[in-house]
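Observations on the model geometry
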Amino acid sequence: MHVEPILIFVLAAVAVVAVVRWVAGRTGLPAAALLPLIGIGYALLPGPNIPLDPDIVLAVVLPPLLYSAALDSSMIAIRRNLRTVVSLSVVLVLLTALLIGLGFAWFVTGATLAAGIAVGAAVAPPDPVAALAVGRKVGLPPRIITLIQGEGLLNDATALTILSVAVAAATGDGFSAPAAVGQFLLAAAGGVAVGALVAFAVRLLSRPLSGDPMLANAVSLAIPFGAYLLGEVIHVSGVLAVVVAGLIVGHHTPRSASGAGRLQTNAVWRLVDFLLEGFIFLLIGQQLPEVIRGLAGYDAATVVVAVAITVGVTLLLRPLWLVLTLLVPRALHTRWSRGGADARASVRWWTGREVVVLSWAGTRGVISLAAIFTLPLVTETGDRFPARDLLLFCTVVVVLVTLVGQGLTFAPMVRALGLRADDNDQALLRNEARAASVKAALTALDELEEQEHEDISGQVIETMREQLRARLSRYRDRLSLLRDNDSAGPPISPEYEAALHVRRVAIDAQREECLRWRDAGRLSDEGLRVLERELDLEERLLPDRPARR
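Calculation notes
Residues numbered from 1 in each chain as written. Predicted model: local features only at pLDDT ≥ 70, side-chain atom pairs only at ≥ 80, totals over all residues. Heavy atoms only, no water. Salt bridge = Lys/Arg side-chain N within 4 Å of Asp/Glu carboxyl O. Helix = DSSP H or I, 4+ residues; strand = E, 2+ residues; numbered from the N terminus. Buried < 20%, exposed > 50% of the residue type's maximum accessible area, 1.4 Å probe, protein only. Expected span 1.5 Å × (residues − 1). Bend = angle between axes of the 7 residues up to and from the residue. Domains from an automatic or database assignment. Core = buried A, V, L, I, M, F, W, Y, C linked by side-chain atoms within 4.5 Å. Contact = heavy atoms within 4.5 Å. Axes fitted to C-alpha atoms, helices over the stretch in contact; angles between N-to-C directions. Parallel < 35°, antiparallel > 145°, perpendicular 65-115°, else oblique. Left-handed = near helix turned anticlockwise from the far one by under 90°.

1. So, the pattern of salt bridges
- Following the criterion strictly, the structure yields 11 salt bridges and no others.
- Residue Glu539 is joined to Arg511 by a salt bridge in which the shortest nitrogen-to-oxygen separation is 3.2 Å. Taken as a pair, Glu539 in helix 22 (residues 525-540) and Arg511 in helix 21 (residues 494-519) lie far apart in primary sequence, 28 residues in all.
- Since its relative accessible area comes to 17%, Arg511 is described here as buried.
- A salt bridge links Arg516 to Glu513, with the nearest nitrogen and oxygen atoms 2.7 Å apart. One end of the pair is Arg516 and the other is Glu513, both in helix 21 and three residues apart, which spans about a single turn.
- By relative accessible area, Arg516 is classed as partly exposed at 49%.
- What makes Glu513 partly exposed here is its relative accessible area of 33%.
- One network of salt bridges, with partners in common, ties together Asp508, Arg511, Asp536 and Glu539.

2. A short note on helix 5 (residues 82-107)
- End to end, helix 5 covers 36 Å across 26 residues, agreeing with the expected 38 Å (1.5 Å per residue, within 8%).
- Leu92 marks the point of greatest bend in helix 5, at about 30°.

3. Some words on the domain arrangement of the protein chain
- What the domain assignment lists for the protein chain is domain 1 (3-56 + 94-179 + 260-328 + 349-419), domain 2 (422-491) and domain 3 (495-548).
- Computed over C-alpha atoms, the centres of domain 1 and domain 3 are 44 Å apart.

4. Considerations on the nonpolar core
- With 124 residues, the main nonpolar core has Phe104, Leu140 and Phe410 as its most contacted residues.
- With residues near it in sequence (within four places) discarded, Phe104 still touches Ala111, Thr112, Gly116, Val119, Ala306, Ile309, Thr310, Leu391 and Cys394.
- Counting residues in hydrophobic clusters, the runner-up holds 12 residues, among them Ala435, Leu442, Tyr475 and Leu479.

5. Regarding the packing of helix 6 (residues 113-123) against helix 18 (residues 388-417)
- Two elements in contact, helix 6 and helix 18, have axes separated by 10 Å at closest approach and are oriented at 25°. One way to sum up the angle between helix 6 and helix 18 is to call them roughly parallel. Pair helix 6 / helix 18 crosses with right-handed handedness. Between helix 6 and helix 18, the residues in contact are Ala115, Val119, Ala122 and Val123 and Leu391, Cys394, Thr395 and Val398, respectively.

And the structure:
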């Protein structure tokens, strides 16, 4: 086996992913929508393509991506919006699979109900990577971000369970509605239990490992694979086990992990997300030419009808469901509520603009392709799986239409609707929390001072108290500005901007001086790395704003 071509291919893929990320940062276009287009262009060139192996995607790629997304989510916020999350990630997925299955059974020649449900299950779960990337950049409200995250975490388990039931029916095992419901409930309950068990084990290990960030990172990277494998071994939802483990671990990490461990873990998972998402979206585009070649045995009318059913249900059912579950109940509540205006206003309902944004956030991705490529070639009787090549093509079209079409138009649509978070309110809340934390620290110092400690002098406590009081004074000044601000964005203080500029200049000067000491031989490289780390941590505390030129 020649290693050089593989290395060249990997380096080229990394370069493409890096360039696309740079372009996305400059243009505002989501990388998840641009990479499949590049993948299609590469697939049309002469030379080898990389086929998408569904087993590798489901066992190697999907667990870390789901786990990372779960770590970055809020278990409290998802619990607060649980009804809507379940409505989208379970009920809507079931309806999408069923309607597409009925459409194939009635209108597509050679397709069966089970085969149609299989492709419906594959295209039902949205992949929120593109929507979340754009949503965070344009400043979507946290409530919408939470809902997109929660739906993306939980819908994969629903879709894969429906797919397994549909494949069993299509290959000859038959279909039983009670058995299918029982299998789904068992897989879901078992996945939740396995995820909670893995999270409990991680919490037991977190304290002993908190002093060693390297070991903590190694365990963190192993958790999604361990949760997935344990779930699959006992025949429950490994995907749901990964998600539950990630939500629980992420919720308890602030108490159990050290500061150094959290900084390193966050950096590691950002790199994992960047590389895995980049490679997988390139692979999505490369599958199109091969899938098209499999359509030779189908007439054009059958292909058009099948694609129209799949794309139509995928795009139209989601907004219809959101209107029925989010807007209609609001109208009924407003009309029939027996309370007064205050009682009606106390319920935070969804607005029409929010429903439009949620409707357009349903981009499909890697899970859809990985799921549909798991379809067997033949049934138990030895016959070909019904319309397998057609199902593959319909799935690829849905993925490309939503990922490219919705992904590229999501940001302009959000801006046109004017839907964005109130940055001033968010900044006000954060500063209130900062002030509260400093007050707690001052209280802790008072309690420490009352105790007798031979190794802690009163001067040390007083010095720390003065620093905390100065910080609290800054926070209170900032809170006054935020409370008096009437605009949606936080106020920009010239004094604050000047202070940031001064701090960056001072850090740069210290870094340059340390480098001069190293170059002159007065400071070792090891010593330089220690000092650089101190300066890097200090610089990391500054907000992500460009320095003055």
